[in-house]
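Examining the three-dimensional arrangement
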Amino acid sequence: MRGPKVIVVGGGTMGSATAWALAARGAEVTVLERFSHVHEYGSHSGYTRIIRESYHEGAGYVPLVRRADALWQALGERAGEALLVRTGMVEFGPESDPDYRDAIAACVSAEVEHELMDAATARRRFPIAVPEGWTACFTPSGGYLRVGPCLEALKREAMSLGAGWRTGVRVREVALGERPRVLLDDGALLPADHVVVTAGAYLPGLLPGFMPGQLKVLRRVLAWTRPEPGEVDRLAAMPVWASFGPGGFVYGFPYGHEGVTGFKVACHVPPPEVGAAEAGVDPERVDRAIHPADLAPLDAFLAEYLPAGRGEFVHAAVCLYTCTPSTDFAIDHVPGDRRVWVAGGFSGHGFKFAPAIGELVAEAVVTGEAPEALRAFARARHAG
Ligand SMILES: Cc1cc2nc3c(=O)[nH]c(=O)nc-3n(C[C@H](O)[C@H](O)[C@H](O)COP(=O)(O)OP(=O)(O)OC[C@H]3O[C@@H](n4cnc5c(N)ncnc54)[C@H](O)[C@@H]3O)c2cc1C
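Residues numbered from 1 in each chain as written. Predicted model: local features only at pLDDT ≥ 70, side-chain atom pairs only at ≥ 80, totals over all residues. Heavy atoms only, no water.

Looking at an unreviewed UniProt entry, the protein chain carries the name N-methyl-L-tryptophan oxidase, with the source organism given as Nannocystis punicea. Of the comments in the UniProt record for the protein chain, the one headed Cofactor (unreviewed entry) reads "FAD". (UniProt positions renumbered as here; feature names shortened; annotations may be inferred.)

Some points on the pattern of salt bridges
Scanning the entire structure with this criterion turns up 25 salt bridges. One salt bridge in this structure joins Asp294 and Arg219, with 3.0 Å as the shortest N-O distance. You can see Asp294 sitting in helix α9 (residues 292–305) and its partner Arg219 sitting in strand β14 (residues 216–227), a full 75 residues away along the chain. Residue Glu278 pairs with Arg220 through a salt bridge whose shortest N-O separation is 2.5 Å. Within this pair, whereas Glu278 is found in the loop between α8 (272–275) and α9, its partner Arg220 is found in strand β14, the two being separated by 58 residues in sequence. For the pair shown, Glu278 and Arg220 are each scored as buried. It is possible to trace a salt-bridge network through shared partners that takes in Glu81, Arg146 and Glu258. (Salt bridge = Lys/Arg side-chain N within 4 Å of Asp/Glu carboxyl O. Helix = DSSP H or I, 4+ residues; strand = E, 2+ residues; numbered from the N terminus. Buried < 20%, exposed > 50% of the residue type's maximum accessible area, 1.4 Å probe, protein only.)

Concerning the site of the ligand
Lining the immediate surroundings of the ligand are 32 residues, of which Thr13, Glu33, His39, Ile50 and Cys319 lie closest. Measuring from an oxygen atom of the ligand, one finds a side-chain N or O atom of His44 at 2.8 Å. Contacts to the ligand include Ile50, whose backbone N or O atom sits 2.7 Å from an oxygen atom. For the shell around the ligand, the secondary-structure elements that each account for two or more residues are α1 (13–24), β2 (28–33), β3 (48–51) and β18 (311–323). Top contributing element to the shell around the ligand by residue count: β18, with three residues. A breakdown of the residues in the shell around the ligand according to their chemical character gives 15 nonpolar, 12 polar and five charged. Taken together, domain 1 (5–46 + 148–212 + 327–383) and domain 2 (89–140 + 216–323) each give at least three residues to the shell around the ligand, which thus spans both. (Near = heavy atom within 4 Å. Polar contact = N/O pair within 3.5 Å; in protein donor to acceptor, adjacent residues only side chain to side chain. Nonpolar A, V, L, I, M, F, W, Y, C, P; charged D, E, K, R; others polar. Domains from an automatic or database assignment.)

As for helix α3 (residues 98–109)
Because the α-helix completes a turn every 3.6 residues, residues three or four places apart line up on one side. Across its 12 residues, α3 extends 16 Å between first and last C-alpha, which sits within 8% of the 16 Å expected from 1.5 Å per residue. Packed against the buried residues of α3 are β5 (89–93), β6 (115–118), β7 (135–139) and β15 (240–245). (Expected span 1.5 Å × (residues − 1). Contact = heavy atoms within 4.5 Å.)

Some remarks on the pairing of strand β19 (residues 330–334)
The element β19 is extensively covered by neighbouring structure, given that five of its five residues are classed as buried. By the bridge criterion, five bridges tie β19 to strand β20 (residues 337–344) in an arrangement that is antiparallel. If you follow Ile331 over to β20, its bridge partner there is Ala343. (Pairing = 2+ DSSP bridges.)

Structural notes on the packing of helix α2 (residues 62–79) against helix α5 (residues 147–160)
For any two helices packed against each other, the geometry is given by the interaxial angle and the distance between the axes. At a closest axis distance of 10 Å, the pairing of α2 and α5 adopts a crossing angle of 70°. Compared by their axis directions, α2 and α5 come out roughly perpendicular. Together, Trp72, Leu75, Arg78 and Ala79 of α2 and Cys150, Ala153, Leu154, Arg156 and Glu157 of α5 make up the contact between the two elements. Residue composition of the contact of α2 with α5, grouped by class: six nonpolar, no polar and three charged. (Axes fitted to C-alpha atoms, helices over the stretch in contact; angles between N-to-C directions. Parallel < 35°, antiparallel > 145°, perpendicular 65-115°, else oblique.)

Looking at α9
Between its terminal C-alpha atoms α9 stretches 20 Å, which fits the 20 Å expected from 14 residues at 1.5 Å a residue. Within the span of α9, buried status applies to Asp294, Leu295, Leu298, Phe301, Leu302 and Tyr305. Angular distribution of buried residues about the axis of α9 spans 120°; they occupy a single face of the element. The exposed set on the far side of α9, more than 90 degrees from its buried face, consists of Pro292, Ala293 and Glu304. (Arc of directions from axis to C-beta.)

Side note on the packing of α1 against helix α10 (residues 354–367)
Between α1 and α10, the least distance of the axes is 7 Å, while the angle of their chain directions is 55°. The angle between the axes of α1 and α10 places the two elements in the oblique class. The handedness of the crossing between α1 and α10 comes out as right-handed. Facing Thr13, Met14, Ala17, Thr18, Trp20, Ala21 and Leu22 of α1, the residues of α10 in contact are Ala354, Pro355, Ile357, Gly358, Glu359, Val361, Ala362, Val365 and Val366. The class makeup of the residues in the contact of α1 with α10 is 12 nonpolar, three polar and one charged. (Left-handed = near helix turned anticlockwise from the far one by under 90°.)

Notes on the domain arrangement of the protein chain
According to the domain assignment, the protein chain contains domain 1 (5–46 + 148–212 + 327–383) and domain 2 (89–140 + 216–323). Spacing between the C-alpha centres of domain 1 and domain 2 amounts to 30 Å. Each partner contributes to the interface: domain 1 provides 17 residues, whereas domain 2 provides 14 residues. In total, about 1,200 Å² of surface goes out of reach between domain 1 and domain 2, with carbon and sulfur atoms giving 52% of it. Considering only the side of domain 1, the residues that lose the most area to domain 2 are Gly46, Ala201 and Ser347, jointly responsible for 33% of the buried surface there. At the boundary of domain 1 with domain 2, the tally comes to one salt bridge. If you look at where domain 1 meets domain 2, you find nine residue pairs in polar contact (both at pLDDT 80 or more). Its residues placed into classes, the side of domain 1 that touches domain 2 shows five nonpolar, nine polar and three charged. (Buried area = accessible area lost by both parts, 1.4 Å probe.)

The structure is reproduced here in structure tokens:
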């Protein structure tokens with residue numbers, strides 16, 4: 001017997017994972033993606049994503065990271081290539097910083113293996129100028145995911161289970177009624193038993209009634225430097241890293257060749273005085289040019305805390321966050337209709353979770369009920 005017919009709107013990170021999980025549950029899945037599979041206009045550009053258990057956003061996320069970690073590893077084994085590169089993760093900051101304290105607290109309460117060290121020890125172990133009085137926290141489970149291979153592996157496996165994938169197809173509207181239907185730009189109206197909307201930064205435009213006024217799309221810049229040749233080996237041997245300091249939450253990767261040859265650095269959360277003034281952007285019109293003002297804070301950060309990584313910027317890219325007020329995800333059915341589910345609001349930290357989120361959303365679609373692990377991300381919780 002054929003399973004339910006499900007249309008997934010948006011074949012990016014969460015759409016690929018949800019289609020994969022639905023296909024594994026026997027659903028007849030079609031993915032509709034407006035651009036190509038893996039592209040630069042959404043939230044997955046930039047080639048790599050950190051995976052970490054030191055979850056300052058809340059220890060409640062740790063079981064979900066662990067489930068996703070196992071799924072990424074298993075998917076990589078079946079695909080015959082490493083999707084997850086386990087480098088370990090080092091975070092550093094002053095213990096007066098509440099987010100840094102929360103990262104350490106999450107390690108303690110969720111029993112994440114971690115090693116706390118003083119500034120001098122951290123400076124000896126890593127090419128980071130950790131200031132006197134700060135500490136560093138090393139978690140061996142941290143690492144990074146290779147975006148392109150991850151999304152290709154999900155798509156390949158979903159298609160081998162029967163999923164259909166259409167790219168270059170933009171959904172203009174999701175219509176309810178006797179059967180849910182999606183209206184395409186060319187006027188075609190496609191019916192389904194269920195629709196899952198995983199449109200990333202384009203979600204507020206596509207479904208303005210899902211969380212009205214509560215989702216804010218933010219522009220973020222990723223940049224790569226070309227450090228001095230003498231520094232490359234040390235930088236290549238680094239773990240993934242993040243700093244909680246006066247410059248905000250700044251993070252990066254070991255020197256490498258993933259998409260761009262260079263040392264990748266970016267700012268996740270700017271300092272409060274900058275963040276408070278940050279305006280949301282329209283993904284259809286966002287400024288994708290890179291300006292000196294985008295790179296200056298990253299250069300200043302490297303000069304102070306990671307001078308070995310400093311060098312000419314060889315590449316930079318714009319990427320989009322879709323943020324909820326709490327930065328917790330927003331996963332629920334649309335108001336009043338359990339046939340249409342939405343997974344969005346990943347607030348700049350969703351990639352690592354994708355296969356675990358895909359499983360949970362697939363479960364919600366097939367049963368009509370959000371599994372316990374999704375309750376924290378319900379619309380009502382955000383409204384409260
Ligand atoms: C700079 C940056 C750094 C990040 N770093 C990390 C990190 O280190 N670790 C981590 O875990 N997470 C990280 N994230 C967050 C993570 O990448 C996102 O949370 C995740 O990619 C969101 O997935 P998504 O499916 O919602 O969006 P996307 O992957 O963008 O997918 C949405 C898809 O929907 C398509 N779409 C939209 N509208 C339509 C339509 N009308 N019709 C058809 N298709 C449509 C889009 O084209 C897109 O492909 C980062 C994000 C950014 C921007």
